[in-house]
Amino acid sequence: MKVQILGKNITVTPAIAERIENKLGHLEKYFIIDEDVVANVVVRVYPTKQKIEVTIPTKFVVLRAEVVHDDLYAAIDLAVDKLEDQIRRQKTRLTRRHKEKLAYSFIEEQEIDEAYEEEEVVKTKSLVPDTMDLDDAIMRMEMLNHSFFIYRDEETKEVAVVYKRHDGGYGLIETE
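Just so you know, these numbers come straight off a predicted model, no measurement behind them.

A few points about the pairing of strand 8 (residues 148-153)
Part 1: Relative to strand 8, strand 7 (residues 131-132) runs parallel, the two sharing two bridges. From the neighbouring strand, Met-132 faces strand 8, where its bridge partner is Asp-153.
Part 2: For the segment spanning strand 7, helix 3 (residues 134-144) and strand 8, crossover handedness is right-handed.
Part 3: Looking at chain direction, strand 8 and strand 9 (residues 159-164) are connected through five bridges and run antiparallel. Directly across from Arg-152, in strand 9, lies its bridge partner Val-159.
Part 4: From the end of strand 8 to the start of strand 9, which pair antiparallel, there are five residues, and Lys-157 there has a positive phi angle of about 65°.

Quick word on the environment of Thr-58
Part 1: With respect to the element layout, Thr-58 can be found in the loop between strand 3 (50-57) and strand 4 (62-69).
Part 2: Taking the C-alpha atoms as reference points, Thr-58 and Val-37, separated by 21 residues in sequence, lie 6.1 Å from one another.

A closer look at the confidence of the model for the protein
A low pLDDT score tells you not to read the predicted coordinates there in detail.
Part 1: Across the protein, the average pLDDT comes to 80, with 79% of residues at or above 70.
Part 2: Within the model, the stretch residues 100-118 combines pLDDT values under 50 with 46 contacts to residues more than four positions away or in other chains.

Some remarks on the pairing of strand 10 (residues 170-174)
Part 1: By the bridge criterion, five bridges tie strand 9 to strand 10 in an arrangement that is antiparallel. Bridging from a neighbouring strand, Val-162 pairs with Leu-172 of strand 10.
Part 2: Between strand 9 and strand 10, which follow one another and run antiparallel, lie five residues, and Gly-168 among them has a positive phi close to 100°.

Re the sheet that holds strand 7
Paired through backbone hydrogen bonds, the strands of a sheet run either parallel or antiparallel to each other.
Part 1: The strand order across the open sheet built from four strands is 7-8-9-10, with neighbouring strands paired in mixed fashion. Taken across any chain shown, the strands that pair with only one partner, and hence form the sheet edges, are strand 7 and strand 10.

What to know about the nonpolar core
Part 1: In terms of nonpolar packing, the biggest core is built from 23 residues, with Ile-20, Leu-24, Ile-52, Val-54, Ile-56 and Leu-83 touching the most fellow members.
Part 2: Put simply, the parts of the chain that give this core at least two residues each are helix 1 (14-25), strand 2 (38-45), strand 3, strand 4 and helix 2 (72-97).
Part 3: Of the residues forming this core, the biggest block, seven residues, is contributed by helix 2.
Part 4: Sequence-distant contacts of Leu-83, that is, excluding residues within four places in its chain, are made with Leu-24, Leu-27, Val-54, Ile-56, Leu-63, Arg-64 and Ala-65.
Part 5: Met-132, Ala-137, Met-141 and Phe-149 belong to the second largest nonpolar core, which has 10 residues in total.

Remarks on the environment of Asp-71
Part 1: With respect to the element layout, Asp-71 can be found in the loop between strand 4 and helix 2.
Part 2: On the accessibility criterion, Asp-71 (38% relative accessible area) is partly exposed.
Part 3: When the C-alpha positions of Asp-71 and Thr-48 are compared, they lie 9.7 Å apart, and in sequence the two are 23 residues distant.

Conventions we followed
Within every chain, residues take consecutive numbers counted from 1 along the sequence as written. For a predicted model such as this one, the threshold for reporting local features is a pLDDT of at least 70, and the threshold for listing and counting side-chain atom pairs is 80 or more; totals across whole chains, interfaces and linings nevertheless cover every residue. Calculated side-chain values reflect all of the structure's heavy atoms, with hydrogen atoms and water omitted. A pair of strands is treated as paired once DSSP finds two or more bridges between them. The numbering of helices and of strands both runs from the N terminus, where a helix is a DSSP run of H or I of at least 4 residues and a strand a run of E of at least 2. Handedness rule for crossovers: strands pointing away from the viewer, path from the first strand over the helix to the second running clockwise, crossover right-handed. Looking at any residue, its pLDDT shows the predictor's confidence there, from 0 to 100. Here a residue-residue contact requires only that any non-hydrogen atoms of the pair lie within 4.5 Å. Among buried residues, those of type Ala, Val, Leu, Ile, Met, Phe, Trp, Tyr and Cys that are joined through side-chain atoms within 4.5 Å constitute a nonpolar core. Burial classification: accessible surface area is computed with a 1.4 Å probe over protein chains only, and a residue below 20% of its type maximum counts as buried, one above 50% as exposed, and the rest as partly exposed.

In structure tokens, the structure reads:
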């Protein structure tokens with residue numbers, strides 16, 4: 001796995017880069033990561049806090065963690081802990097549902113980024129929805145920690161949207 005580190009309002013020192021690379025290297029014990037995979041790390045420094053964003057787009061799933069902390073090294077540790085939790089959670093779900101197809105159960109995902117400022121659209125993103133069933137769509141939405149997920153239904157072949165309801169359940173919007 002290659003690590004690409006970008007510093008915003010900070011010069012990334014060799015010590016910071018080494019710490020990030022070592023911590024992310026520990027994730028390889030959970031699954032095989034292709035050498036073509038690039039872990040994108042953005043380190044931002046604000047006057048009173050530090051923020052680290054880690055995105056690892058594997059061929060199975062997009063792992064993402066974002067942590068704000070007073071100490072940069074603690075933020076790195078917390079981000080790696082979040083990524084480990086995501087991997088464990090996903091593996092447990094898939095083991096329960098598809099014991100024999102664990103490695104094939106992940107599929108690639110284009111992450112939807114929303115950015116609104118006073119009802120003005122500042123970013124537009126297009127995507128090609130993947131074909132899957134409702135359970136897989138809910139699992140992917142939870143894994144990405146989004147409030148909704150757009151996909152193509154396996155049975156109807158139509159675009160659908162699954163979303164989290166405020167009462168704790170899920171909603172489904174189907175198109176005709």
